[in-house]
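These are the residues of each chain, in order.
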Amino acid sequence: MMNYDEKTILKELSDPIGQRAAFAKVVQQYSEQLYWKIRHIVINHEDANDVLQNVFIKAWMNLEDFQGKAKLSTWLYRIAINESLDFLRKQKTQNALSADEDLSLANRLLADNYFDGDEAQALLQEAIAQLPDVQRTVFTLRYFDEMKYSEISRHLGTSEGALKASYHLAVKKITEYFRQRD
């Protein structure tokens, strides 16, 4: 892996001559971690790849708006969360039933070559998918990414109290989901 220095990258990003090469380094540096954060929210591999591409397109198009008040990774992460939530909202409104939507999410995940979990993990993903978008995002960031409420608060622009309530409700709903399956 290349040596990544954010101060140097930011300087290169502000120079029109080296901007493309610097942005390529940003993409290389953050692609994998952003992919997994997006994947936990949107669940599907192909959807996660699409959202990730949108994140980098949006970042590239709005590069001059980045003011450096936060780290570049924090800015990209916020774009990724917003793009993931936008994707979920669009998916709900389009909700045109396709033939394979009769299959449960768990069954589709188990059939997905990119999913490396077992049945319990697939069922957990199915339970998470049932949550409202914000609860799903908060649960994902807290449970999978082990993010502190203060950090989630910075990314989502929501109070820590509201985030704790969302997480608690999400855990209750997931627990209830598994109770109903027994």
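Data block above holds the structure.
Note that the structure is a prediction, hence the values are computed from the model and not measured.

Visitor: Would you mind showing me how to read the overall build of the chain here?
Guide: The number of helices and strands found in the chain is nine helices and zero strands. Sequence-ordered secondary structure for the chain, helices as α and strands as β, is α-α-α-α-α-α-α-α-α. The buried share of the chain, taken over its 182 residues, is 40%. For the chain, the share of sequence-separated contacts (at least 6 apart) that also reach a separation of at least 24 residues comes to 59%. Accessible surface computed for the chain: about 11,100 Å², of which carbon and sulfur atoms make up 49%.

Visitor: What should I look at first to understand the side chain of Glu6 in this one?
Guide: As for its position among the elements, Glu6 is in helix α1 (residues 6-13). Buried charged residue Glu6 carries no salt bridge. Nearest counter-charge: Lys71, at 5.3 Å. With near-sequence residues (within four places) excluded, Glu6 lies in contact with Tyr30, Lys71, Leu72 and Ser73.

Visitor: Explain the packing of aromatic side chains here, please?
Guide: We describe a pair of aromatic rings using the distance from one ring centre to the other and the angle between the two ring planes. Under the counting rule described, the total for this entry stands at nine aromatic pairs. Here a set of aromatic residues connected by ring pairs shows up, and it is made of Phe139, Tyr143, Phe144, Tyr149 and Tyr167. The ring of Tyr149 is capped by Arg142, whose NZ or CZ atom sits 4.3 Å from the centre of that ring.

Visitor: I would appreciate a short explanation of the nonpolar core in the present structure.
Guide: Buried together is how nonpolar side chains tend to be arranged in soluble globular proteins. Counting 45 residues, the largest nonpolar core has Leu34 and Leu72 as its most contacted members. Looking at this core, the elements that each hand over two or more residues are α1, α2 (19-42), α3 (45-61), α4 (72-94), α6 (119-129), α7 (133-143), α8 (149-156) and α9 (160-181). With ten residues, α4 is the single largest residue contributor to this core. Two domains each provide a minimum of three residues to this core, namely domain 1 (1-101) and domain 2 (104-182). Setting aside anything within four residues of it in sequence, one finds Leu72 in contact with Tyr4, Glu6, Ile9, Leu10, Leu13, Val26 and Phe66.

Reading the values: rules and limits
Residues numbered from 1 in each chain as written. Predicted model: local features only at pLDDT ≥ 70, side-chain atom pairs only at ≥ 80, totals over all residues. Heavy atoms only, no water. Helix = DSSP H or I, 4+ residues; strand = E, 2+ residues; numbered from the N terminus. Buried < 20%, exposed > 50% of the residue type's maximum accessible area, 1.4 Å probe, protein only. Contact = heavy atoms within 4.5 Å. Areas by Shrake-Rupley, 256 points an atom, 1.4 Å probe, with all protein chains shown as cover. Lys, Arg positive; Asp, Glu negative; His and termini not counted. Salt bridge = Lys/Arg side-chain N within 4 Å of Asp/Glu carboxyl O. Phe/Tyr/Trp six-rings, centres within 6.5 Å; stacked < 30°, edge-to-face > 60°. Lys NZ or Arg CZ within 6 Å of the ring centre and 35° of its normal. Core = buried A, V, L, I, M, F, W, Y, C linked by side-chain atoms within 4.5 Å. Domains from an automatic or database assignment.

Such coordinate-based values are descriptive only and should not be taken to indicate function.
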